[in-house]
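Descriptive analysis of the structure
What follows is the residue order along each chain.
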Number of protein chains: 2
Amino acid sequence: MTELARYLSDCQARINQLLDQQLQSPEPRLDRLYAAMHYSVTMGGKRIRPVLAYASCQACGGEPAQADFAAAAVELIHAYSLIHDDLPAMDNDDLRRGQPTCHRAFDEATAILAGDALQALAFDWLSSQGDWQPTTRLQMTQSLARAAGPRGMAGGQAIDLASVGNQLDLASLEHMHRHKTGALIRASVQLGALASEQASTSDLAALNTYADCIGLAFQVQDDILDIESDTSVLGKQQGADMARNKPTYPALLGLDGARAKANALCDQALDSLSGFAAQADPLRQLAHYIVQRRF
Amino acid sequence: MTELARYLSDCQARINQLLDQQLQSPEPRLDRLYAAMHYSVTMGGKRIRPVLAYASCQACGGEPAQADFAAAAVELIHAYSLIHDDLPAMDNDDLRRGQPTCHRAFDEATAILAGDALQALAFDWLSSQGDWQPTTRLQMTQSLARAAGPRGMAGGQAIDLASVGNQLDLASLEHMHRHKTGALIRASVQLGALASEQASTSDLAALNTYADCIGLAFQVQDDILDIESDTSVLGKQQGADMARNKPTYPALLGLDGARAKANALCDQALDSLSGFAAQADPLRQLAHYIVQRRF
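The residue count restarts for each chain, going from 1 along the sequence in the order it is written. Chains and ligands are labelled by the order in which they are written, letters from A for the one and numbers from 1 for the other. The predicted origin of the model limits local features to residues at a pLDDT of at least 70 and limits the giving and counting of side-chain atom pairs to 80 or more, whereas totals for whole chains, interfaces and linings rest on all residues. For side-chain calculations, the full set of non-hydrogen atoms in the structure is used, while hydrogens and water are omitted.

Glancing now at the packing of helix 8 (residues 153–163) of chain A against helix 6 (residues 108–128) of chain B. Look at helix 8 of chain A against helix 6 of chain B: their axes get within 9 Å of each other, and the N-to-C directions meet at 165°. Here helix 8 of chain A is positioned roughly antiparallel relative to helix 6 of chain B, judged by the angle of their axes. Judged by the twist between their axes, the crossing of helix 8 of chain A over helix 6 of chain B is left-handed. In contact with Ala154(A), Gln157(A), Ala158(A) and Leu161(A) of helix 8 of chain A, helix 6 of chain B contributes Ala109(B), Leu113(B) and Ala117(B). Under the scheme applied, nonpolar residues are Ala, Val, Leu, Ile, Met, Phe, Trp, Tyr, Cys and Pro; charged residues are Asp, Glu, Lys and Arg; polar residues are all the others, including Gly. Residue classes in the contact of helix 8 of chain A with helix 6 of chain B are distributed as 6 nonpolar, 1 polar and no charged. Lines fitted to C-alpha atoms define the axes here, with helix axes fitted over just the stretch in contact, and angles between the N-to-C directions of these axes take values from 0 to 180 degrees. By definition, any uninterrupted DSSP run of H or I lasting at least four residues is a helix, any uninterrupted run of E lasting at least two residues is a strand, and each is numbered from the N terminus. In what follows, roughly perpendicular refers to angles from 65 to 115 degrees, roughly parallel to angles under 35, roughly antiparallel to angles over 145, and oblique to any angle outside these ranges. Each crossing is labelled by how the near helix is turned from the far one, with a counterclockwise turn of less than a right angle marking it left-handed and a clockwise turn marking it right-handed. The contact rule is simple, with two residues in contact once any of their heavy atoms fall within 4.5 Å.

So, on to the relation of the copies chain B and chain A. What relates the two chain copies is a rotation about an axis together with a slide along it. Rotating chain B by 180° and moving it 0.0 Å along the rotation axis overlays it on chain A with an RMSD of 0.0 Å. Here the symmetry operator amounts to a two-fold rotation axis. Scanning chain B for the C-alpha nearest the rotation axis identifies Pro134(B), at a separation of 3.0 Å. Both copies present the same face, since 100% of the interface residues in chain B are matched by interface residues at the equivalent positions in chain A. We superpose the copies by least squares over the C-alpha atoms of residues that have a pLDDT of at least 70 in both of them.

What follows concerns a nonpolar patch on the surface. The patches reported here contain residues having more than 30% relative accessible area and no salt bridge. Joining distances are 9 Å for like charges and 5 Å for nonpolar side chains (Val, Leu, Ile, Met, Phe, Trp, Tyr). Where accessible areas are quoted, they stem from the Shrake-Rupley method and a 1.4 Å probe; at the residue level, only the protein chains shown are allowed to cover. When a carboxyl oxygen of Asp or Glu lies within 4 Å of a side-chain nitrogen of Lys or Arg, that pair is called a salt bridge. Among the surface-exposed residues, Leu170(A), Leu252(A) and Leu253(A) lie close enough to one another that they form a single nonpolar patch of about 200 Å² accessible area. Along the chain, Leu170(A) turns up in helix 9 (residues 170–195).

A few words now on the environment of Leu118(B). If you trace the backbone, Leu118(B) turns up in helix 6. Among residues more than four places away in sequence, those in contact with Leu118(B) are Leu23(B), Met37(B), Val41(B), Leu76(B), Ala79(B), Tyr80(B) and Ile83(B).

Before going further, it helps to examine the nonpolar core. Each nonpolar core is a collection of buried residues, namely Ala, Val, Leu, Ile, Met, Phe, Trp, Tyr and Cys, held together in the definition by side-chain atoms within 4.5 Å. Note on exposure labels: buried denotes an accessible area under 20% of the residue type's maximum, exposed denotes more than 50%, and partly exposed covers the range between, all computed with a 1.4 Å probe on protein chains only. By size, the foremost hydrophobic cluster in this structure holds 206 residues, and its most contacted members are Leu144(A), Tyr210(A), Leu144(B) and Tyr210(B). Among residues more than four places away in sequence, those in contact with Leu144(B) are Ala73(B), Val74(B), Ile77(B), Ala122(B), Phe123(B), Leu126(B), Leu184(B), Ala187(B) and Leu191(B).

Residues and elements named next belong to chain A. Aromatic rings from Phe, Tyr and Trp, taking only the six-membered ring of Trp, are treated as a pair when their centres fall within 6.5 Å; an angle between ring planes under 30 degrees marks them as stacked, one over 60 as edge-to-face, and anything in between as tilted. As enumerated under the stated definition, the model contains 5 aromatic pairs over all chains in all. A centroid spacing of 5.6 Å and a plane angle of 70° characterise the contact between Tyr39 and Phe106, whose relative ring orientation is edge-to-face. Of this pair, Tyr39 sits in helix 2 (residues 31–41) while Phe106 sits in the loop between helix 5 (102–105) and helix 6 (108–128), and the two are 67 residues apart along the sequence. Taken individually, Tyr39 and Phe106 each receive the classification buried, so the pair is uniform in this respect. Centre to centre, the rings of Phe69 and Trp125 are 5.6 Å apart; their planes meet at 85°, and the pair counts as edge-to-face. Here Phe69, found in helix 4 (residues 64–86), pairs with Trp125, found in helix 6; they are 56 residues apart in sequence, far enough to count as distant. Across this residue pair, the class does not change: Phe69 and Trp125 are buried. One cation-aromatic arrangement involves Arg293 over Phe218; the distance from NZ or CZ to the ring centre is 4.0 Å. Charge-over-ring placement is defined geometrically: NZ (Lys) or CZ (Arg) within 6 Å of the ring centre, and within 35 degrees of the ring normal.

The subject of this paragraph is the interface of chain B and chain A. One frequent convention defines the size of an interface as the accessible area lost when the parts assemble. Taken together, the contacts link 46 residues of chain B with 46 residues of chain A. Simply put, the buried area is the total loss of 1.4 Å probe accessible area from both parts when two parts are fitted together. When residues of chain B are sorted by the area they lose upon contact with chain A, Arg29(B), Leu138(B) and Pro150(B) head the list and together hold 15% of the total. In this assembly, chain B and chain A are joined by 2 salt bridges. Contacts described as polar in this section are N or O atom pairs within 3.5 Å, which, within protein, must combine one atom able to donate a hydrogen with one able to accept it, while residues neighboring in sequence count only if both atoms come from side chains. Our count for the contact surface shared by chain B and chain A stands at 16 residue pairs in polar contact (both at pLDDT 80 or more). For the side of chain B that touches chain A, the elements supplying multiple residues, two or more each, are helix 2 (31–41), helix 4 (64–86), helix 6, helix 7 (134–148), helix 8 (153–163) and helix 9 (170–195) of chain B. In terms of residue count, helix 6 of chain B provides more of the side of chain B that touches chain A than any other element does, 13 residues in total. Here the residues of the side of chain B that touches chain A sort into 25 nonpolar, 13 polar and 8 charged.

Residue and element names in this part refer to chain A. Even without being glycine, Arg47 reaches a positive phi, approximately 55°. Inspection of the secondary structure assignment puts Arg47 in the loop between helix 2 and helix 3 (48–59). Here the phi dihedral of Glu197 falls at roughly 55°; this positive angle occurs in a residue that is not glycine. For Glu197, the position within the fold is in the loop between helix 9 and helix 10 (201–228). Since its relative accessible area comes to 33%, Glu197 is described here as partly exposed.

This paragraph deals with the pattern of salt bridges. Following the criterion strictly, the structure yields 30 salt bridges over all chains and no others. The partner of Asp86(A) in a salt bridge is Arg96(A), with the nearest N and O atoms 2.8 Å apart. Taken together, the positions of Asp86(A) in helix 4 and Arg96(A) in strand 1 (residues 95–96) put the pair 10 residues apart, joining distant regions of the chain. Here Asp86(A) falls in the buried class, since its relative accessible area comes to 4%. What makes Arg96(A) partly exposed here is its relative accessible area of 22%. Here Asp160(B) makes a salt bridge to Lys180(B), at a shortest N to O gap of 2.6 Å.

Moving on: empty space enclosed by the protein. A pocket here means an open set of points on a 1 Å grid, computed over the protein atoms alone, that has protein on both sides within 12 Å along at least five of seven lines. A cavity is instead a set of points where a 1.4 Å probe fits but cannot get out; residues with an atom within 4 Å of a point line either one. Grid points are joined across faces, edges and corners, and a volume is the space filled by probe spheres set on the points. All told, the structure shown has 6 cavities of 30 Å³ or more when counted by the stated rule. Of the voids in this model, the largest cavity is the one considered here, and its volume is about 120 Å³. Lining the largest cavity are 15 residues; nearest its centre among them are Ser40(B), Met43(B), Ala79(B), Leu82(B) and Arg97(B). Going through the elements one at a time, helix 2 and helix 4 of chain B are the ones with two or more residues in the lining of the largest cavity. Tallied by class, the residues present in the lining of the largest cavity amount to 6 nonpolar, 4 polar and 5 charged. The volume enclosed by the second largest cavity comes to roughly 70 Å³. As for the second largest cavity, its lining consists of Ser40(A), Met43(A), Ala79(A), Leu82(A), Ile83(A), Asp86(A), Arg96(A), Arg97(A), Thr101(A) and Cys102(A). Counting residues per element, the lining of the second largest cavity draws most heavily on helix 4 of chain A, which supplies 4 residues. Its residues assigned to classes, the lining of the second largest cavity shows 5 nonpolar, 2 polar and 3 charged.

And the structure:
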């Protein structure tokens, strides 16, 4: 097991336990809603955003326990966005990671509400869980709310939907991804750093650059994998994005061009961490992992 | 024009202007999403929740300007909940206040995203707009997040959906309404009081009782009006809730019994304000208005 594999596994175990504990229904009449929330949040996934929050907290000198509810809050936002993106009116996906999507496992109304409830819960946790200073909580809330909102993730999904079937140029594709996936990755890194209560302004700026680079690299690699992988590994249909006529990096840059871009973004991410000590090694390894992963 | 009518009109003008200003699209690619948000938030309505926030702020000695973004945040949450409740998978309503619902005026995907974006924006505003102390912002965020989340409004909507076609007893009906509509009305009153930065613990407790009473009274009156009004006044089909076999107060208590209950709740709300001076008169007049309104 590599060092990073152990780090990923530790972080995943930590966040999975927390999320499982926190998403228990408080009363029978809410069982179905909580079951849908719990199902969607614990159905697997690489927990990239929580791992980034833990690694960013560590890079700034913080302990894992300080980042717990920051990591959990960004994962709730991520989980809610997947639930809503999968809905029939959006991407209309039946499978997610090889399992029925929330609206297939439950029903559409419950899926809409589970997503809505998860979003609210993320802000509830930032304001009431953890052990942070009020000003830290506020910075986290603002960062996450902006990342999730119309100028962040929700806006990105709207731009993405509007772009299906259209020819996007590279600038427009990046603009879309910066909103749709980049904003939340940036927030994950920011919230982790803030959770340490030791991040300087220049730390936060450097980590923003890091997050922007790996966020885009992640998306480029996703597009590459969408072409290369087969359904059994990826848990969704091969070439699904291409088939839907969604714009992708390989379509615009070719496969080699897309690979070169992912690597360049990885290098840039590593450069931005030059002022950090060995505590930032998990962030460095994550940058490599994101462009080397096979699924 | 009565004193209350002038107060309502002033608050409505104030909040309408603020919401209109704040919901302008920042760039062309987000125009459609912002148009859907703006459409839904400005399509009318009595602005009961913002008015409650203003009145509660005043009752605690605050100025209207202090309550602006608290009032706006609760209205964003209310507007998002209406958009999602109207969706085909939920109540499947084509009309809201006599106008096409968001998913009819735009499309279903845009309506889902507009709702999602409005929820995030509410927390963005609480953390970054206004001129409050960090601890005040935090109390507001926590209050609103809890009211919107699975133990509040989202949970209430889930319970409501599960109860269609079922025989609910009075306790279950109240339990549902306390979540579905009561939680956000309570948050409106709390946020207004907090916005004044002068509310004592006992003020907040008294205002909670007030809010719980008028929240329930509002719902009882809604059920009464659903039977009494015709479509042209109410903007939705007469007896629509009854026709859907949704549980209502008149169905459980009879029309006279429901009226008596609304009046008793109004009296209880007024009692809870006994420690407040004349500054709380708008809250008092609102309690009367809620059970006397004809639409």
